[in-house]
Amino acid sequence: LEPATFMFAAIAIGLGVDFSIHLIDRTVFYVKERGWTLEATMARLFPTTGRALFFNFSALFFGFLCLFISELPTLQRFGAFISIGALASFVGGLILLPGILRVFRPAFAMGKRSEADDKALGKAPLAIALALGGALAFGVVAQTADAETPGFDLAERISLRDEGQTSRRNLTMILIDKSGKERRRETLIYRRVVGEDRSSVIYFTAPRNVKGTGFLTFDYGDVTREDDQWMYLPALRKTRRVPASDRGDYFLGTDLTYEDVKKDMKFALADFTFEIVGSELVDGKQTTLLLCTPKNATIEKQLGYSKVLARIDEDRAMPVFVEFWDVAGNPLKVIRVPMIENIDGIWTVLRLEVDNLKTGHGTVFEYSDVAYEPVDDAVFTKTAIERGL
């Protein structure tokens, strides 16, 4: 160690710390805020954030390595020092850091530790963290490959089903209590798709007690961004944000949750594991049975489902009959889609029926006047739902 190498070390640390910063930042988002397991988080980060870090490392490593061909020994030493430092920081960030998080479970990244975690921490030397980090990294590769199963592929096809760039439609909500009494609500729905991002807004037009209510959603394709949902309640003259923890709540007295309404007969790929478990005839047509299981207890609690079994019409990439179980494992509700039509080359749901098996309540959605036409961007704003149609 001498003054020159001290200076080189400071530069190397300043450049190399970025790898760990980015990995920890994404880990905090997925594990602490979204409730994912560390394994699921790493499976998501390695092919996305990890890929970006690899390009960052390559630029640093090969850029400074060019100095090694200099005729000046000081520059040679500088280039070698920074290149080796970048390599060590990159490998340490992706191999050692996950093991450290797994073993020591720092509260700022992993949430509050349990008593079992505290006991395990007292017996876990850094060598175990390194071993677990390596095992976790290799396990991530296997888990990522395993994610690309037929079940996942089918769920992804459903998620990518064409909805048109923009559309409008009328929706009649029919709420049916267990005695058979009906209540009707009239709404107007606008949708917009930009890349992988989807926006939708629902305006209630009748009856009078809900007229003027607006529901605005932004469903982002980038899973690192939390989806936004806003509800305007005219009686309170207030717009409130619907947090992710409320997405399993029922939507304005219907038997569909906020998440059901937002996803519109699609599945959140980040929330479930998917498995094809057979086939079944539905209304005389062969369908594929897709079992969807929440990835962890936090997601299960937020959604209110312990599992979902969907019958998929693969020709149209559309669920036609879906069963739901609550977090205790009891049958909760079923959704049927008896009417699907091809409108302007897009398979479109025209009728959706929901039966709540616990309460005996039912909901029917009837769509009409569907048009895949341009919609003004100003419609998809909080100001728009507050002003109303």
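Enquirer: I would appreciate a short explanation of the pairing of strand β6 (residues 238-241) in the present structure.
Expert: Put simply, side chains in a regular strand alternate between the two faces of the sheet. Pairing between strand β5 (residues 228-233) and β6: four bridges, direction antiparallel. Bridge pairing in β6 links Tyr-232 to Thr-239. Linkage of β5 to β6, two consecutive antiparallel strands, is achieved through a turn of four residues, within which Arg-237 is found at a positive phi near 50°.

Enquirer: Any chance you could explain helix α2 (residues 38-45) here in plain terms?
Expert: Residues three or four positions apart in an α-helix share a direction because the helix packs 3.6 residues into each turn. Most of α2 sits out of view: six of its eight residues are buried. Residues of α2 that are buried: Leu-38, Ala-40, Thr-41, Met-42, Ala-43 and Leu-45.

Enquirer: Help me understand the pairing of strand β12 (residues 346-356) in this model?
Expert: As judged from the nine bridges shared by strand β11 (residues 331-343) and β12, these two strands associate in the antiparallel manner. Counted as the bridge partner of Met-339 is Arg-351 from β12. With antiparallel pairing between neighbouring strands as the criterion, β11 and β12 make up a hairpin whose turn holds two residues, including Asp-344 at a positive phi of roughly 55°. Where β12 lies against strand β13 (residues 362-371), five bridges are found, and the strand directions are antiparallel. When the bridges of β13 are listed, Leu-352 appears paired with Phe-365. Between β12 and the antiparallel strand that follows it, β13, lie five residues; Gly-360 among them carries a positive phi value of about 80°.

Enquirer: Is there a simple way to explain the environment of Ala-310 in this structure?
Expert: If you trace the backbone, Ala-310 turns up in strand β9 (residues 307-313). Sequence spacing of Ala-310 and Cys-292 is 18 residues, and the spatial spacing of their C-alpha atoms is 7.8 Å.

Rules used throughout
- Residues numbered from 1 in each chain as written.
- Predicted model: local features only at pLDDT ≥ 70, side-chain atom pairs only at ≥ 80, totals over all residues.
- Heavy atoms only, no water.
- Pairing = 2+ DSSP bridges.
- Helix = DSSP H or I, 4+ residues; strand = E, 2+ residues; numbered from the N terminus.
- Buried < 20%, exposed > 50% of the residue type's maximum accessible area, 1.4 Å probe, protein only.

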